[in-house]
Every structure is written in structure tokens, then in C-alpha cells.
Amino acid sequence: MPVDAGSKSETLAPILYLNRDKKIRLYKRGDNPFENSSFNDYDGKHVEVQGELVHGNKLKVLSIRIINKEKDNELP
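Below is a summary of the structure that appears in this document. (Residues numbered from 1 in each chain as written. Predicted model: local features only at pLDDT ≥ 70, side-chain atom pairs only at ≥ 80, totals over all residues. Heavy atoms only, no water.)

Remarks on the packing of aromatic side chains
This is how it is decided: Note on ring pairs: Phe, Tyr and Trp rings are taken, using the six-membered ring of Trp, and paired if centres are within 6.5 Å. Classes follow the plane angle, with under 30 degrees stacked, over 60 edge-to-face and the rest tilted. Geometrically, a charge over a ring is one whose NZ (Lys) or CZ (Arg) sits within 6 Å of the ring centre while staying within 35 degrees of the ring normal.
What the rule picks out here adds up to zero aromatic pairs. The ring of phenylalanine 39 is capped by lysine 28, whose NZ or CZ atom sits 5.3 Å from the centre of that ring.

Encoded structure:
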């Protein structure tokens, strides 16, 4: 998602979507902050993320894994 719109640091950044009112920007130490390519495999997936909140609005990701949610989405 776009972040810092209209500023010199405007960029696309990985965002953890919690609900329509709450989203948290993600980053990994050592990843290029302008590419964030280490998150590409998780785009659009249900994930479990463990990390540390930094500056109150960014999550430094320590581990991330895809969760299979297909069974949760089946109708009875």
C-alpha cells in the first residue's frame, strides 16, 4: 500500500491488514526498505506474524508464516 503520500519518502510498503480500521506497516531488518521483496510470497495471504512494535506504528517482523484458511471459508 502507498505510505507517506505527498512526502519525499512516499513509497509502497508492506502492510498487515487487521481490519478496515487497523493496518500496521511491516519491515524486516536487512530488507531493502524501498523494495521489501522478502514479503512478496505473502502478498494477499492469511499470515501469522511475530514481531516487535517500533515507534508505535511499525512492526519489525521476526517471523512470518502462511496460514491455510481454505477450511475456514467453506460453507456448511
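Notes on the pattern of salt bridges
What counts here: Salt bridges are defined by distance alone: a side-chain nitrogen of Lys or Arg within 4 Å of a carboxyl oxygen of Asp or Glu. Starting at the N terminus, helices and strands are each numbered in turn, a helix being any DSSP run of H or I of at least four residues and a strand any DSSP run of E of at least two. Per-residue accessibility, obtained with a 1.4 Å probe over protein chains only, is compared with the maximum for each type, and a residue is labelled buried under 20%, exposed over 50%, and partly exposed between these values.
Tallied over the full model, the rule gives two salt bridges. A salt bridge links glutamate 48 to arginine 65; the shortest N-O distance between them is 3.1 Å. Placement of glutamate 48 in strand S5 (residues 47–54) and of arginine 65 in strand S6 (residues 58–66) is noted, with a sequence separation of 17 residues between them. On the basis of relative accessible area, glutamate 48 is assigned to the partly exposed category, the value being 34%. Judged by relative accessible area, which is 47%, arginine 65 ranks as partly exposed.

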